[in-house]
Amino acid sequence: MDSTGNTQYSYSYSHRPTPNTAQSSLKEIYQYDAPWSTYALDWCKAHTEQKSFRLAVGSFIEDSNNKLQIISRTDLIDPSLTINNRNDFTPIAEADSYYPITKVLWEPRKSDARNNDLLATTGDILRIWELKDEPRYNTSNTITSTRNMSYPMQSLVKKAELVNLKQSDFCAPLTSFDWNETDPSLIVTSSIDTTCTVWNVETNQAKTQLIAHDSDVYDVAFMHGTADIFASVGADGSVRLFDLRSLEHSTILYEAQPSMNTTGSQSAKLNSSGTVPLLRLQFSRLSQYSLATFHMDSSVVQILDTRYPSAPVAELSKNRSGSINCLSWSPTAPGQIATGGEDNQVLVWNINQSPADSRPYYQQNSQQRYSHQPMRSVQDPALAYVADAEVNALTWSKSAPDWIGVGFGKTIQALRV
C-alpha cells in the first residue's frame, strides 16, 4: 500500500513485489492529484532518468478552460527534499486548451534529438507544442510542504496549428492521432468526419487525406517499423489497414458481425448496420503485425494479425470485469499488454502460449498458428491493480519500462510493474 492514498495495490496473480519496498530508493507508486479531471496521458520518451520520468497530462473539463500540463517526479527535480516533505510529482509547465484534449504524445526520440522537446495534441485541431526551458525558478509553499521548494520551470509554446480546410470551412473534431516513430515528420489524425489525414509536421502541411470509414473514425495508429502503413477503427465496427504507397486500396482486417442479442441500452449504440463500434487500437511495439482493439461497452480485447485478416487470433477476457477504456502494449516484453476499464482495474496480460505449441504466440510460424487452429481465449491476467475510480488512460513507458502511467478521475499514478 502506498502512503500517498488509499488505492488498493493488488498483485493477485503471478507478479509480486519484493517485500519491504519502503526501504527501497524507489516507491511502488508515485501519485499526482490534478486540480481537474484527467484524460489524455503520455510518458516522455527521453532516455535519461530525469527527463524520462515526465508525463504529459490533458484535462477533461466541459467548458473552455482546459489545460495541458507537464509533470515531473519531484525527487528528480529537488533530491534534497525528504520523502515526507514533497509531493510525488511537480507540474513544471502548463498551457491553455480551449477544448478537452483527446490525445497527447511526446515526439518520438531519435539520436539527433534537439534540446527542446516537442509534443502534439488533438482536440478541435492538431497542435504542435515546444517545451522550452525558462531562465527562472518557481517557488511554492503548499499546505503539504513544510518549507519553500524551488524548482526549474519550463514553458509550453505553441509551435504550430494544423488545419485542413480544403474540402469545407468546417473543422471536424479530431478523435485521436499517432506519431510515426520511423519517420517522426509524419503524424496521422482521425476525425468524426470519416477521414484520416497524414501530416508532415516539418512543413506543417497535409500530405494526404482519405475517407477511412463509413462513419466516425475513433482511433488511428501506425504499424511499428514502417513509415507507410497505418490502421484505423471507427463507429462502423471495422479495422481498416492503409498503405501510403497505394491509397487506392485498403484492407478490412476485421469487421464485427451484426449483433443479434442485445439489450435496449446496447442496441441504442449500434450503428445502422447493426455492429458495435470499435473504440481504440494499438500496434504491438515488438511483434510488428500484431494489434489490439476493443468494442464499445465490451470487456473483451481482440488481438489481430495484419497478415491474416477477418478473425482475431486471440481474445483477452476476464470474468466479472467491466468495459475496457484503454490499452497499452509493453515496450520490452513481447506479448504483454495492459488494459484499463470501468471496473477500476488495470490488468496486465500475457498473450499465452497455445496448448498445441509450447512456444509463445509471437514465436510460432504462420503455418502452425493458422492451420485451422481455434482462436485462443486468454482469461487469466498476469497482474491486477485496483484503482480508486474508473481507469480512462494508460501509457507504458518506453524509456522506463518498469513503469505504467495510469489515469483515473483527477489522479495520475506511475505504477511500478
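What counts as what
Residues numbered from 1 in each chain as written. Predicted model: local features only at pLDDT ≥ 70, side-chain atom pairs only at ≥ 80, totals over all residues. Heavy atoms only, no water. 1 Å grid on protein atoms, 1.4 Å probe; cavity = no way out; pocket = protein on both sides within 12 Å on 5 of 7 lines; lining within 4 Å. Points joined across faces, edges and corners; volume = space filled by probe spheres on them. Helix = DSSP H or I, 4+ residues; strand = E, 2+ residues; numbered from the N terminus. Nonpolar A, V, L, I, M, F, W, Y, C, P; charged D, E, K, R; others polar. pLDDT = per-residue confidence, 0-100. Contact = heavy atoms within 4.5 Å. Pairing = 2+ DSSP bridges. Axes fitted to C-alpha atoms, helices over the stretch in contact; angles between N-to-C directions. Salt bridge = Lys/Arg side-chain N within 4 Å of Asp/Glu carboxyl O. Buried < 20%, exposed > 50% of the residue type's maximum accessible area, 1.4 Å probe, protein only. Phe/Tyr/Trp six-rings, centres within 6.5 Å; stacked < 30°, edge-to-face > 60°.

**Some details on empty space enclosed by the protein**
Taken as a whole and judged by the stated rule, the model has four cavities of 30 Å³ or more. When its volume is computed, the largest cavity comes out at roughly 700 Å³. Around the largest cavity sit 41 residues that line it, and Lys103, Leu105, Gln282, Leu327 and Leu394 are the ones nearest its centre. Elements with a contribution of two residues or more to the lining of the largest cavity: strand S2 (38–43), strand S6 (103–106), strand S10 (174–179), strand S14 (217–222), strand S18 (278–283), strand S22 (324–329) and strand S27 (391–396). In terms of residue class, the lining of the largest cavity is built from 18 nonpolar, 14 polar and nine charged. Computed from the structure, the second largest cavity encloses a volume of approximately 50 Å³. Together, Ser299, Lys318, Ser321, Gly322, Ile324, Thr339, Gly340, Gly341, Asp343, Gln345, Leu347 and Trp349 line the second largest cavity. Sorting the residues of the lining of the second largest cavity by element identifies strand S23 (336–341) and strand S24 (345–350) as the ones contributing at least two each.

**Observations concerning the confidence of the model for the protein chain**
Scored by pLDDT, the protein chain comes out at a mean of 83, with 77% of its residues at no less than 70. In this model residues 139–149 is a low-confidence stretch, pLDDT under 50, and it forms 21 contacts with partners more than four residues away in sequence or in other chains. Contacts of residues 366–372 to residues separated by more than four positions or lying in other chains number 13 contacts, the stretch itself having pLDDT below 50.

**Regarding the sheet that holds strand S20 (residues 301–305)**
In spatial order, the strands read S18-S19-S20-S21-S25; together these five strands make up an open sheet with mixed pairing. Since the sheet does not close on itself, it has two edges, and those belong to S18 and strand S25 (376–378), each with one partner. Sheet twist, expressed as the average angle between the axes of neighbouring strands with direction ignored, equals 25°. As judged from the three bridges shared by S20 and strand S21 (residues 314–316), these two strands associate in the antiparallel manner. Residue pairing in the sheet places glutamine 302 in a bridge with glutamate 315 of S21.

**Looking at the pattern of salt bridges**
Summed over all chains, the structure comprises 16 salt bridges. With a closest N to O distance of 2.4 Å, lysine 67 and aspartate 96 form a salt bridge. Here lysine 67, found in strand S4 (residues 66–73), pairs with aspartate 96, found in strand S5 (residues 89–97); they are 29 residues apart in sequence, far enough to count as distant. In this structure lysine 67 comes out as buried when scored by relative accessible area, which is 15%. Aspartate 305 is the partner of arginine 307 in a salt bridge, and the nearest nitrogen-oxygen pair spans 2.9 Å. For aspartate 305, a relative accessible area of 2% gives the class buried. Several salt bridges share partner residues, and in doing so they unite Asp124, Arg127, Lys158 and Glu161 into one network.

**A short note on the packing of aromatic side chains**
Under the defined criterion, the tally for this structure stands at 10 aromatic pairs. A centroid spacing of 4.9 Å and a plane angle of 85° characterise the contact between tryptophan 43 and phenylalanine 53, whose relative ring orientation is edge-to-face. Linking tryptophan 43 in strand S2 with phenylalanine 53 in the loop between helix H1 (49–52) and strand S3 (54–59), this pair joins segments that are 10 residues apart in sequence. Residue tryptophan 43 is classed as buried on the basis of its relative accessible area of 2%. Ring centres of phenylalanine 222 and phenylalanine 230 lie 6.0 Å apart, and the angle between their planes is 75°; on these two criteria the pair is classed as edge-to-face.

**As for the sheet that holds strand S12 (residues 195–200)**
Through backbone hydrogen bonds, the strands of a sheet pair up, either in parallel or in antiparallel fashion. The strand order across the open sheet built from four strands is S10-S11-S12-S13, with neighbouring strands paired in antiparallel fashion. Whereas interior strands pair on both sides, the edge strands pair on one side only; in this sheet they are S10 and strand S13 (205–211). When strand polarity is set aside, the average angle formed by the axes of neighbouring strands in this sheet is 20°. Where S12 meets S13, six bridges bridge the pair, whose relative direction is antiparallel. Residue pairing for S13: tryptophan 199 is matched across the bridge by alanine 206.

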